[in-house]
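# Chain and residue survey
Given next are the chains, with one letter for each unit.
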Amino acid sequence: MSFSYSKVECFNSCPFKYRLQYIEKLEASDDTSPTNALVEGSAVHLGIEKCSIEEGLNYYKEYFKPYTWTERHDFELEKLKISIQKGIDQIPRGEYEYKLLAPEGFIGYIDLLVKIDDGVYDLYDMKYSNNISGYRKSCQVMLYKYYFERLTGNKVRDLYYVFIPKSITKLNESLSNKAEILEELSGMDIHFEKVEYDHHQINYFFARKSLLEKSTTFPKRYSYKCNWCPFKRLCASNGSDLSELNETSKNKLLNKTNE
């Protein structure tokens, strides 16, 4: 079985969500909100990687091309310009999207490797988020160090999460406080959170992976993360509310019910 950090973490957070996403392979319908976190995060990553604000903004525009464009989308572009420029100015250059593929099936992508010396690197994982405390508990970059060193024979000196800031001021319905938000965002710096490698965390990850491989039941596990789950309505209705799913996934469940 192929596995990744996100796959094991999904099972750890909620086995039921894991079953829907990775076993039944259900997919949510497209998120058309102008503040779609996945789309905005990908746009920022791409802009920084390519050292091009334009490429990042074009990624955002292309996603929303089939949908109605609003003033709010224009405002999100203004915010993305600031965030991408900060990343270009403050994050060191190096090798982006380095693929890790281990014989036992592990798959991962290192956001950024920066060469320090022959065979010595610093490793960065970029987050378009203000949730610094939440990611401090994550062993993701530790796992990437473990596999990178094992697969390449090179060494990782330092590990970092890079937090690219998002404005924390809420936007009112009339968009009247846009200038306030842009000023706030302009004054926020990128935060580099150094992570100390702890092999106990790696052992714990593999213990959770072992539980996943042996699992035959996938119970629901409720937490604050339920608020952002793409299967929230399906879960709460015990399978009767399919409104969050795309058409392929709806048909899959309906056909399964009729069998």
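So, here is what we can say about the structure in this document. Keep in mind the model is a prediction, meaning the values are calculated, not measured. (Residues numbered from 1 in each chain as written. Predicted model: local features only at pLDDT ≥ 70, side-chain atom pairs only at ≥ 80, totals over all residues. Heavy atoms only, no water.)

Along the backbone of the chain there are eleven helices and five strands. Along the first, second and third principal axes, the C-alpha atoms of the chain reach 55 × 55 × 30 Å. Among the 259 residues that make up the chain, the fraction classed as buried is 43%. Once local pairs closer than 6 in sequence are excluded, the contacts in the chain between residues at least 24 apart make up 67%. Here the chain displays about 14,300 Å² of accessible surface, and carbon together with sulfur accounts for 49% of that area. Here the chain contributes 36 positive and 38 negative side-chain charges, whose respective centroids are spaced 6 Å apart. (Helix = DSSP H or I, 4+ residues; strand = E, 2+ residues; numbered from the N terminus. Buried < 20%, exposed > 50% of the residue type's maximum accessible area, 1.4 Å probe, protein only. Contact = heavy atoms within 4.5 Å. Areas by Shrake-Rupley, 256 points an atom, 1.4 Å probe, with all protein chains shown as cover. Lys, Arg positive; Asp, Glu negative; His and termini not counted. Charge placed at Lys NZ, Arg CZ, Asp CG, Glu CD.)

Quick look at the pairing of strand β3 (residues 120-127) now. Successive residues of a regular strand alternate their side chains across the two faces of the sheet. Counted residue by residue, β3 has seven buried out of eight residues, so it is predominantly covered. As judged from the five bridges shared by strand β2 (residues 107-117) and β3, these two strands associate in the antiparallel manner. When the sheet's bridge partners are listed, Asp117 is paired in β3 with Val120. The loop that links β2 with its antiparallel partner β3 comprises two residues; one of these, Gly119, has a positive phi angle of about 75°. (Pairing = 2+ DSSP bridges.)

A few words on helix α3 (residues 37-49). Over its 13 residues, α3 runs 18 Å from end to end, which matches the ideal 18 Å to within 8%, given 1.5 Å per residue. Along α3, the residues classified as buried are Val39, Glu40, Gly41, Ala43, Val44, His45, Gly47 and Ile48. Contacts from the buried residues of α3 go to α4 (53-63), α5 (71-90), β1 (95-101), β2 and β3. A side-chain oxygen of the first residue of α3 lies 3.0 Å from the backbone nitrogen of Leu38; this N-cap is Asn36. A positive phi of about 55° marks Cys51, the residue just after α3. (Expected span 1.5 Å × (residues − 1). Polar contact = N/O pair within 3.5 Å; in protein donor to acceptor, adjacent residues only side chain to side chain.)

Attention now goes to the sheet that holds strand β4 (residues 155-163). Ordered in space as β1-β2-β3-β4-β5, the five strands form an open sheet in which the pairing is mixed. On the outer flanks of this sheet lie β1 and β5 (191-195), each paired with one strand and no other. Adjacent strand axes in the sheet meet at a mean angle of 40° when their direction is disregarded. (Axes fitted to C-alpha atoms, helices over the stretch in contact; angles between N-to-C directions.)

In this section: the environment of Lys17. Along the chain, Lys17 falls in helix α2 (residues 15-23). Considering only alpha carbons, one finds Lys17 and Cys229, 212 residues apart in sequence, at a separation of 8.1 Å.

Taking 1.5 Å as the rise per residue, helix α7 (residues 140-152) with 13 residues should run 18 Å; its terminal C-alpha atoms sit 18 Å apart, in good agreement. When α7 is considered as a whole, its buried residues turn out to be Gln140, Val141, Met142, Leu143, Tyr144, Lys145, Tyr147 and Phe148. Following α7 by one or two positions, Gly153 adopts a phi angle in the positive range, close to 80°.

The subject of this paragraph is the environment of Arg136. Note that Arg136 resides in the loop between α6 (132-135) and α7. Residues Arg136 and Gly41, 95 residues apart in the sequence, show an inter-C-alpha distance of 19 Å. A polar contact is formed between the side chain of Arg136 and the side chain of Glu193, at a distance of 2.7 Å.

Here we come to the nonpolar core. One finds Phe106 and Leu123 to be the most contacted residues of the largest nonpolar core, which totals 29 residues. Contributions of two or more residues to this core are made by α1 (5-13), β2, β3, α7, β4 and α9 (199-214). In contact with Phe106, not counting residues within four places along its chain, are Phe3, Ser4, Tyr5, Leu100, Leu101, Leu143, Tyr144 and Tyr147. Residues Ala43, Leu77, Leu80 and Val114 belong to the second largest nonpolar core, which totals 22 residues. (Core = buried A, V, L, I, M, F, W, Y, C linked by side-chain atoms within 4.5 Å.)

Not every positive phi belongs to a glycine, and Glu97 is a case in point at roughly 55°. Along the chain, the position of Glu97 falls in strand β1. Looking at Glu97, the relative accessible area reads 37%, which means it is partly exposed. One non-glycine residue, Leu175, adopts positive backbone phi at about 60°. When you line up the elements, Leu175 lands in the loop between β4 and α8 (178-186).

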